[in-house]
Amino acid sequence: MGSRPDNPLILQVSEGFTYSIEQSRDGADKLVTDSVRLDGEPLQLAETYRVTVNSFLADGGDGFTAFADGTNRLTGETDLDAFGEWLDANTSPEAPVSAPKVGRITVE
């Protein structure tokens, strides 16, 4: 969750990633730690994971300051250009992109 108590934000996540938050808690404690899973498996705290976000979030935007602490950062083209290329390669008027499956984030 971002660190904006006046307007809390919840990141939408990619397919295969799930987590739960508990609204009655404050700040980072809202995350139900053992609920964080990748492809159904719990994250391993000793492991390193790479995430993909746009440059605004990568620099801590919208109160998601933990992203700015990331190491071994890679940068590429702008997110808008990458999204446009993906749409060109993966969709058409005859086969539009479908909305992602719901239920990746639960709020308790």
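The coordinates are above.
Residues numbered from 1 in each chain as written. Predicted model: local features only at pLDDT ≥ 70, side-chain atom pairs only at ≥ 80, totals over all residues. Heavy atoms only, no water.

**Things to note about the layout of surface pockets**
Within this model, the second largest pocket holds a volume of roughly 180 Å³. Taken together, Thr-33, Asp-34, Val-36, Pro-42, Leu-43, Gln-44, Leu-45, Glu-47 and Tyr-49 make up the full set of residues lining the second largest pocket. (1 Å grid on protein atoms, 1.4 Å probe; cavity = no way out; pocket = protein on both sides within 12 Å on 5 of 7 lines; lining within 4 Å. Points joined across faces, edges and corners; volume = space filled by probe spheres on them.)

**Points about the pattern of salt bridges**
This model, assessed by the stated rule, comprises 2 salt bridges. Among the salt bridges present, the one from Arg-73 reaches Asp-59, with a minimum N-O distance of 2.9 Å. Residue Arg-73 is found in the loop between helix 1 (55-58) and helix 2 (79-90), and its partner Asp-59 is found in the loop between helix 1 and helix 2; the two are separated by 14 residues along the sequence. Residue Arg-73 is classed as partly exposed on the basis of its relative accessible area, which comes to 43%. On the basis of relative accessibility, which here comes to 54%, the residue Asp-59 falls in the exposed class. (Salt bridge = Lys/Arg side-chain N within 4 Å of Asp/Glu carboxyl O. Helix = DSSP H or I, 4+ residues; strand = E, 2+ residues; numbered from the N terminus. Buried < 20%, exposed > 50% of the residue type's maximum accessible area, 1.4 Å probe, protein only.)

**Comments concerning a negative patch on the surface**
On the surface, a cluster of negative charge is made up of Glu-77, Asp-79, Asp-81, Glu-85 and Asp-88. Tracing the chain through its elements places Glu-85 in helix 2. (Patch = residues over 30% accessible without salt bridge, like charges linked within 9 Å, V, L, I, M, F, W, Y side chains within 5 Å. Areas by Shrake-Rupley, 256 points an atom, 1.4 Å probe, with all protein chains shown as cover. Lys, Arg positive; Asp, Glu negative; His and termini not counted. Charge placed at Lys NZ, Arg CZ, Asp CG, Glu CD.)

**Here we look at the sheet that holds strand 3 (residues 41-42)**
The strands making up a sheet are joined through hydrogen bonds of the backbone, oriented either antiparallel or parallel. Ordered by their spatial adjacency, 4 strands build an open sheet running 3-2-1-4, and the pairing between neighbours is mixed. Sheet topology places strand 3 and strand 4 (105-107) at the edges, where each strand pairs with a single neighbour. By the bridge criterion, 3 bridges tie strand 1 (residues 17-21) to strand 4 in an arrangement that is parallel. Among the inter-strand pairings, Ile-21 is bridged to a residue of strand 4, identified as Val-107. (Pairing = 2+ DSSP bridges.)

**So, unusual backbone geometry**
With a phi angle near 60 degrees, Asp-62 is a residue other than glycine that sits in the positive phi range. Since its relative accessible area comes to 31%, Asp-62 is described here as partly exposed. With a phi angle near 55 degrees, Asn-72 is a residue other than glycine that sits in the positive phi range. Within the secondary structure layout, Asn-72 lies in the loop between helix 1 and helix 2.

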